[in-house]
Amino acid sequence: MSAPTPSPQLPVPGRIMAGEMAEQPAVLRRLLEEGAPAIRETAEKIAARRPRFVLLTARGTSDNAALYAKYLLEILLGRPCGLTSMSTTTAYGATADLSDCLVITVSQSGGSPDLVASTRAAREAGAITLAVTNNAGSPLAEVSEFHIDVLAGPEEALPATKTYTAELLALYLLVDGMRGGEGARAAGALPELAESVLARQDEVRALAGRYRFAERMVITSRGYGYPTAKEAALKLMETSYIPALSYSGADLLHGPLAMVDNVSPVIAVVTDGKGGEALQPVLDRLRDRGADLVVIGPEPQVAAASAGFVLPTGGLPEELQPILEIIPLQMLAYEVTIARGQDPDAPRALAKVTETR
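Residues numbered from 1 in each chain as written. Predicted model: local features only at pLDDT ≥ 70, side-chain atom pairs only at ≥ 80, totals over all residues. Heavy atoms only, no water.

A. Spotlight on the sheet that holds strand β5 (residues 146-149). Spatially, the 5 strands line up as an open sheet ordered β2-β1-β3-β4-β5, and their pairing is parallel. Lying at the two open borders of the sheet, with one neighbouring strand each, are β2 (81-83) and β5. Strand-to-strand twist across the sheet, computed as the mean angle between neighbouring axes with direction ignored, equals 20°. Looking at chain direction, strand β3 (residues 101-107) and strand β4 (residues 128-133) are connected through 6 bridges and run parallel. Across the sheet, residue I104 finds its bridge partner in β4, namely L130. Contacting β3, β4 and β5, helix α7 (residues 162-178) crosses the sheet at an angle of about 160° to β3. (Pairing = 2+ DSSP bridges. Helix = DSSP H or I, 4+ residues; strand = E, 2+ residues; numbered from the N terminus. Axes fitted to C-alpha atoms, helices over the stretch in contact; angles between N-to-C directions. Contact = heavy atoms within 4.5 Å.)

B. Main features of the sheet that holds strand β6 (residues 217-221). The strand order β7-β6-β8-β9-β10 describes an open sheet built from 5 strands, whose pairing is parallel. Each end of this open sheet is capped by a strand with a single partner; those strands are β7 (244-248) and β10 (307-310). Averaged over neighbouring strand pairs, the angle between their axes works out to 15° when direction is ignored. Pairing geometry for strand β8 (residues 265-269) and strand β9 (residues 292-297), over 5 bridges, is parallel. Within the sheet, the bridge partner assigned to A268 lies in β9 and is V295.

C. Representation of the side chain of S221 in the model. For S221, the position within the fold is in strand β6. With relative accessibility at 0%, the residue S221 sits in the buried group. At 2.6 Å, the side chain of S221 and the backbone oxygen of V269 are in polar contact. If we ignore the near neighbours within four places in the chain, the residues touching S221 are Y226, A229, Y247, S248, G249, V269 and L279. (Buried < 20%, exposed > 50% of the residue type's maximum accessible area, 1.4 Å probe, protein only. Polar contact = N/O pair within 3.5 Å; in protein donor to acceptor, adjacent residues only side chain to side chain.)

Below, the structure written as structure tokens:
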């Protein structure tokens, strides 16, 4: 007897998330071809103001993009950076002198009231304000002095995918523009590399089988890869509901390593560069403890782990690798969720625009 044909009216679980993940090469290409000149112009205007300090404001997925920008700004520009605590303004009414300070607010929708209020307060306190959003007509864009559109197009799935990688690339182009660099040339390889990663879905599906019955996971990295670890943990938690704990490799050694044993699933994001070198002692300790270690990164590190996914970085600079390395982890969150019989398009208790105050 043949299997019944599904009704065309029934939604396919994960269809929207899968489609938006697949759009990422096109989004990256559009941002490089259409968005880069405007970003460069904005970067030059901000650089001419010579900000002495940078504050980054965001929530959720965009907060991980902001953390990536913090690494860029501190390493490539030598600017001290901080991540803001919005409640100091929105709940406590605190004020600060933000003269000569650049405040970058990152938000896919640009609609969260606390982001808007915090940015407005920063501008009134003398800050140079920049909004990085996927909505040029958003309240956040309107209250900011400068705005960068990440050009990702409408995003319907609740788990953000294409807007995250677009935010990363936009922030990279901003920082590169502020230092007068030619980073768009190096970033030009990203769309094709992203396509090659997305074509390896079978490999990711095989990895997902390891986590179908996982009760918890640990994801670790260092340097530029740390925001990737945090974003991967968020994606796994919001789609599959697996408690996923993200740690800097250095922090993992300061206590949480005690919970890792020979049945503990650990994913290590290993950038090809100084961050990966700094993570090496952590990888050694994890292997000593017999952890079920999966590596996302260079081939030698993957070969030394229980399993993994080799990133085709092709000589991509370390600071650009996070734009690529998150993609197999997005795919992993999707595949684990499907394997557990859940729908990644509709995580429970979540809304596309989270209106925190």
